[in-house]
Amino acid sequence: MDNKTIVNNLSKKLDREPKEISALIDGLAAIIKEKCGNLSEIAIPGFGTFVPAKEDEKVITDLSTGKKILLPPQITLNFEPSIVLRKKVANNQ
Amino acid sequence: MNDKITFQQLAELLSSSTGGSTSTTELFIKELFAIVGKALINGEKVQIKGIGTFMPSMDNSTIEFAPDADLAESINLPFSCFEAIELDDEMHQALITDETQPKQESEIAETIEVAEPAVVETDEEPVEWAESTTETDTEPTHEEASEIQLEEDIADIQTSNVAEIDVDYNTEEQTEVVVEPVEETLETETTHNQQILDPILDTTETVTEDKHKKSKFAFGIIIGILIGAVIGAMAMFVIGNKLLLSQTNMPNSESEEIIDEPVCIAVDTLATDTLEIEPVYENIAVDTVKQTRFLTTMARQYYNQMLYWVYIYEENKEKLGNPNVIKPGTTVVIPDIRKYLKSDTDSLNIEHAKLKAVEIYAPYQK
């Protein structure tokens, strides 16, 4: 399911213009950017939690060349699905 | 920062940023993730622009999420100035040493502690190992047997008393004498024994060197302190003599005026032939009493004893009056202290000065 399909589905359900839905999605993405950039978690009930995690700088070895590379610190955004969603996905297999 | 944004807060934030009502945004978020959830349950991959891609894992046990490139870049904006750097071997080594330096120090300390008993082996082992070599001449021994013998020796010596260890550490010559024959005999022994002994010898040499250096260092410090003490005592003696001479014979540099002419001349010209001539003492300086400069200050400066202020007072008593109310600006003559000191011992002179002070104060006490 791509973004366009989601927008169309939402516009039908909410009886809103796709443009408005796109703006709301962009707004939601902006909030996630801002909050997760500040290492704040965002919890969506019944769906899951967006969990940012800061990784310190580290040295890795390039196995192909054998050279050491110093990686800078970074924030990775993880998603922890809720138990309900995880069970539903597992049961639907 | 580091807090958890709830659904309600998220809806409020979205409503404030998009200008809609909170109920609308709540409904929007709920419906959005409901659609995504349904798609995931159906095993579909869902991509939301600006957020990322959700998809069920291979075994459907969890949901995998890959953030959008734009989102990942935005949340890593604080670290955008950094780049991955390829490290040279030297840089990598420097990084490792920086990280592990305290650990290495502790490891070195541990190795020294562990190696200490091995030093003792070299001290006592020449006899043991020499015996073992003679034994090999008469009766053949196996490598394992010699190894066991070595281990037993090590165990025996590790349990030997500390006093012996200390004595053995202090003499490098002794350890060298001990170590060399061991090496020679070991060369004739099997190479396996050599492999066993080499590390022990290395550690013993290094540890004995360390110990010897430490003992040398401590010995050097003690010698240095002793030499310093002797030189200091000599210097004090010489300087003390010079100071005494300068105080008695030379005027002080801080004195305002030096008197060239003798003030007190007690020479009986008539009886010079028959009577002993009394020594003539010249005044050593003229000083002025100030608000922060009293007779005691002067006495301390000129005589190194503040109690001798009484003699300055005595010398100038005609113009001083009450010693406690001397006006600032009063000029006083500083007499040669030998004029008043009646004894060679300081304690008697001080007692005399105290008595003199009582005498001086007596008329002014109510």
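Residues numbered from 1 in each chain as written. Chains lettered and ligands numbered in written order. Predicted model: local features only at pLDDT ≥ 70, side-chain atom pairs only at ≥ 80, totals over all residues.

Q: How should I be thinking about the overall build of chain A in this particular structure?
A: Of the regular secondary structure elements, chain A holds three helices and five strands. Counting from the amino terminus, helix and strand elements in chain A follow one another as α-α-β-β-β-β-β-α. Each of the 93 residues in chain A was classed as buried or not, and the buried ones make up 26%. Nonlocal contacts in chain A, meaning residues at least 24 apart in sequence, comprise 32% of its contacts between residues at least 6 apart. (Helix = DSSP H or I, 4+ residues; strand = E, 2+ residues; numbered from the N terminus. Buried ≥ 20, exposed ≤ 12 C-beta atoms within 10 Å, placed from the backbone. Contact = placed C-beta atoms within 7 Å.)

Q: What exactly am I supposed to notice about the overall build of chain B here?
A: A tally of regular secondary structure across chain B gives 12 helices and seven strands. The 366 residues of chain B split such that 19% are buried. Considering only intrachain contacts with a sequence separation of at least 6, the fraction spanning at least 24 residues in chain B is 57%.

Q: Could you clarify how one ought to interpret the sheet that holds strand β3 (residues 58-61) of chain A in this entry?
A: In a beta sheet, neighbouring strands are held together by backbone hydrogen bonds and run either parallel or antiparallel to one another. A sheet is described by the order of its strands in space; here three strands give the open sequence β3(A)-β4(A)-β5(B), paired in antiparallel fashion. The two strands at the open ends of the sheet, each matched to only one other strand, are β3 of chain A together with β5 (85-87) of chain B. For this sheet, the mean inter-axis angle between neighbouring strands, taken without regard to orientation, is 35°. Bridge count between β3(A) and strand β4 (residues 68-71) of chain A: four bridges; the pairing is antiparallel. (Pairing = 2+ DSSP bridges. Axes fitted to C-alpha atoms, helices over the stretch in contact; angles between N-to-C directions.)

Q: Sorry if this is basic, but what is going on with the interface of chain A and chain B here?
A: Interface extent is often summarised as the accessible area lost during association of the parts. Contacts between the two partners involve 54 residues from chain A, matched on the other side by 53 residues from chain B. For the side of chain A that touches chain B, the elements supplying multiple residues, two or more each, are α1 (3-14), α2 (18-37), β1 (41-44), β2 (48-55), β4, β5 (74-81) and α3 (83-91) of chain A. The element that contributes the greatest number of residues to the side of chain A that touches chain B is α2(A), accounting for 14 residues. Where β1(A) meets strand β1 (residues 4-5) of chain B, two bridges bridge the pair, whose relative direction is parallel. Note that in β1(B) the partner of Glu41(A) across the bridge is Lys4(B).

Q: Explanation requested: the sheet that holds strand β2 (residues 46-48) of chain B in the structure shown.
A: All names here are of chain B. Here we have three strands laid out as an open sheet, ordered β2-β3-β4, and antiparallel in their pairing. Taken across any chain shown, the strands that pair with only one partner, and hence form the sheet edges, are β2 and β4 (63-67). Direction aside, neighbouring strands of the sheet carry axes that sit 15° apart on average. Bridging between β2 and strand β3 (residues 52-56) involves three bridges; their strand directions are antiparallel. Considered in β3, the bridge of Ile48 is made with Gly52.

Q: Teacher, can you tell me more about the packing of α2(A) against helix α1 (residues 7-18) of chain B here?
A: Describing two packed helices takes the angle between their axes plus the distance from one axis to the other. For the pair α2(A) and α1(B), interaxial distance at closest approach is 9 Å and the crossing angle is 120°. As the angle between them shows, α2(A) and α1(B) are arranged oblique. For α2(A) against α1(B), the interelement crossing comes out right-handed. Along the contact surface, α2(A) presents Ala23(A), Leu24(A), Gly27(A), Leu28(A), Ala30(A) and Ile31(A), while α1(B) presents Leu10(B), Leu13(B), Leu14(B), Ser17(B) and Thr18(B). (Parallel < 35°, antiparallel > 145°, perpendicular 65-115°, else oblique. Left-handed = near helix turned anticlockwise from the far one by under 90°.)

Q: What is the right way to read the confidence of the model for chain A from this model?
A: In regions of low pLDDT, the predicted coordinates are not meant to be interpreted in detail. On average, residues of chain A carry a pLDDT of 87, and 99% of them reach 70 or more. Mean pLDDT across the elements of chain A ranges from a minimum in β4(A), with 86, to a maximum in β1(A), with 90. (pLDDT = per-residue confidence, 0-100.)

Q: Would you mind showing me how to read the confidence of the model for chain B here?
A: Residues and elements named next belong to chain B. On average, residues of chain B score 69 in pLDDT, and 56% of them are at 70 or above. Segment residues 103-146: pLDDT under 50, and 54 contacts once partners within four positions in sequence are set aside and those in other chains are kept. Note that residues 153-204 has pLDDT below 50 and, in this model, 61 contacts with residues that lie over four places away or in other chains. Across the interfaces of the predicted complex, the ipTM metric reaches 0.87, alongside a pTM of 0.41.

Q: Teacher, can you tell me more about the nonpolar core here?
A: The nonpolar side chains of a soluble globular protein tend to be buried with one another. With 35 residues, the main nonpolar core has Ile32(A), Ile42(A), Leu10(B), Leu14(B) and Leu40(B) as its most contacted residues. The leading source of residues in this core is α2(A), at seven residues. If near-sequence neighbours (up to four positions away) are discounted, Leu10(B) is found in contact with Ile31(A), Ile42(A), Ile5(B) and Ile29(B). Core analysis: the second largest hydrophobic core is formed by 17 residues, Leu295(B), Tyr308(B), Val310(B) and Ile312(B) among them. (Core = buried A, V, L, I, M, F, W, Y, C linked by C-beta atoms within 7 Å.)

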